[in-house]
Amino acid sequence: MAEGPENFDEIEEFRKKRRRGNILTGIAAVSLVVGLSSAGAYACSKWNDIRKDVISAIDRENALYAEEKRQQLEEIVSEIKTPEEAFARINLNVAFSTDSDIKLYGADRWSSMLETYSTQKGECEDGAIAFAAMLSDNPEYEVKLVYLKIDPAVKEIYRKKDPTIQQLDHIIVVYQEKQLGTWGYVSFNEEGEDASKMENPLYGSIDSTVKAYCDESFISYQILDFTAEDLKFGTDITRKFDSSEAVIIR
């Protein structure tokens, strides 16, 4: 893992190298077209000498910024002590909609907490992943992502009303307060007046918690396993519903 800079002087030095490389590259390219002048010949010879150094500087700069973002995210996670704090922080920092993936990526895409915080936009799964990430290092809680599969008959009714609808399945989080041994749930990007929902840990199992959340629209569910690293820093961690692992709701 790259070490962060003690100040911005190091990054600024890398930027100077990049600018120098760009200037010399431009002089060398022009000189090849118009004929090698003394300046052009010098630029051509120097360009090869510094090319590797410039590439290394770019990679180093990118690594420094990546580490800075990673550290900022870890600080956010360390600040979150309860599910209520995680729920409030996500709703404050992420604008939810049912079509943000299509607008941002052109397709359904599950984003890690780092990716969601970079865009500050998301759908249900992005909020659920960010919530799970915020509690992933907290020994007082256990969190699971739950993929809810919509009833095909219900899906058909929705699509007759709106043929442009892409995704009707839903992702929620169930979380256990280990001291109590009971489970609650969190759901983001709900339709209607309340943008998100949170239920306190009132249920004795994951199954009873999921069924307490679900209405007649959903037919089955699947529990998804992610590492804390994936939840916080993964890249496009999209998972498809696996019927072989599904639990029937009704």
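Up top is the structure.
Residues numbered from 1 in each chain as written. Predicted model: local features only at pLDDT ≥ 70, side-chain atom pairs only at ≥ 80, totals over all residues. Heavy atoms only, no water.

Regarding the overall build of the chain
For the record, the criterion: A run of DSSP states H or I qualifies as a helix once it reaches four residues; a run of E qualifies as a strand once it reaches two. Both are numbered from the N-terminal end. Any residue under 20% of the maximum accessible area for its type is buried, any over 50% is exposed, and the rest in between are partly exposed; the area is computed with a 1.4 Å probe on protein chains only. In this description, contact between two residues means that some pair of their heavy atoms is separated by no more than 4.5 Å. Throughout, the Shrake-Rupley method with a 1.4 Å probe supplies accessible areas, and for residues the shown protein chains are the sole cover considered.
When you go through the chain residue by residue, the secondary structure sums to nine helices and eight strands. Every one of the 250 residues in the chain was classed for burial, and the buried ones make up 39%. Restricting the contact set of the chain to residue pairs at least 6 apart, pairs at least 24 apart contribute 66%. On the chain, roughly 14,000 Å² of surface is accessible, and the fraction owed to carbon and sulfur atoms is 50%.

Structural notes on the sheet that holds strand β7 (residues 218–224)
The cut-off we apply is this: By definition, two strands form a pair when at least two bridges between them are found by DSSP. Each axis is a line fitted through C-alpha atoms, taken for helices only over the stretch in contact, and angles between the N-to-C directions span 0 to 180 degrees.
Pairing is antiparallel across the open sheet formed by six strands, whose spatial order is β6-β5-β4-β3-β7-β8. Either end of the sheet is taken by a strand with one partner, and the two such strands are β6 (197–203) and β8 (247–248). Both strand β3 (residues 141–150) and strand β4 (residues 170–177) contribute to a ladder of eight bridges, which runs antiparallel. Residue pairing across strands places Val 146 opposite Ile 172, the latter belonging to β4. Contacts between helix α6 (residues 124–135) and the sheet are confined to β3, β4 and β5 (182–187), with β4 contributing the most and set at about 20° to the helix.

Digging into empty space enclosed by the protein
What counts is decided by this rule: Residues are said to line a cavity or pocket when one of their atoms sits within 4 Å of a point; the points come from a 1 Å grid over protein atoms alone, cavities being sets where a 1.4 Å probe fits but cannot get out and pockets being open sets with protein on both sides within 12 Å along at least five of seven lines. Grid points are joined across faces, edges and corners, and a volume is the space filled by probe spheres set on the points.
Applying the stated rule across the entire model yields one cavity of 30 Å³ or more. Considered as a void within the structure, the largest cavity measures approximately 60 Å³ in volume. Contributing to the lining of the largest cavity are Asp 108, Trp 110, Cys 124, Glu 125, Tyr 147, Gln 167, Asp 169, His 170 and Ile 171. Listed by contribution, the elements that provide at least two residues to the lining of the largest cavity are α6 and β4.

As for the pattern of salt bridges
This is how the line gets drawn: When a carboxyl oxygen of Asp or Glu lies within 4 Å of a side-chain nitrogen of Lys or Arg, that pair is called a salt bridge.
With the rule as written, the count across this model stands at 10 salt bridges. Across the pair Glu 229 and Arg 70 runs a salt bridge whose closest N-O atoms are separated by 2.6 Å. Taken together, the residues span a long stretch of sequence, with Glu 229 in helix α9 (residues 228–233) and Arg 70 in helix α2 (residues 38–79) at a distance of 159 residues. Classification of Glu 229 as partly exposed rests on a relative accessible area of 40%. Measuring nitrogen to oxygen at the nearest pair gives 3.6 Å for the salt bridge that ties Asp 99 to Lys 103. Salt bridges sharing partners connect three or more residues here, namely Glu 74, Asp 137 and Lys 232.

Notes on the side chain of Glu 115
Worth spelling out the cut-off: Under this definition, polar contacts are N or O atom pairs within 3.5 Å; protein pairs additionally need one hydrogen-donor-capable and one acceptor-capable atom, and for neighbouring residues in sequence, both atoms have to be side-chain atoms.
By secondary structure assignment, the location of Glu 115 is in helix α5 (residues 113–119). At 3.2 Å, the side chain of Glu 115 and the backbone nitrogen of Asp 236 are in polar contact. Residues contacting Glu 115, with those up to four places away along its chain left out, are Arg 109, Trp 110, Gly 234, Thr 235 and Asp 236.

Observations regarding the layout of surface pockets
Convention followed: Note on residue classes: Ala, Val, Leu, Ile, Met, Phe, Trp, Tyr, Cys and Pro are nonpolar, Asp, Glu, Lys and Arg are charged, and everything else, Gly too, is polar.
In this model, the second largest pocket occupies a volume close to 150 Å³. Sorting the residues of the lining of the second largest pocket by element identifies β3 and α9 as the ones contributing at least two each. In terms of residues, the lining of the second largest pocket owes the most to one element, β3, which gives three residues. Its residues assigned to classes, the lining of the second largest pocket comprises seven nonpolar, two polar and two charged.

Considering the pairing of β3
In terms of burial, β3 is a largely internal element, seven of the 10 residues being buried. The sheet contact formed by β3 and β7 spans six bridges and is antiparallel. In the strand pairing of β7, Leu 148 is matched with Tyr 221.

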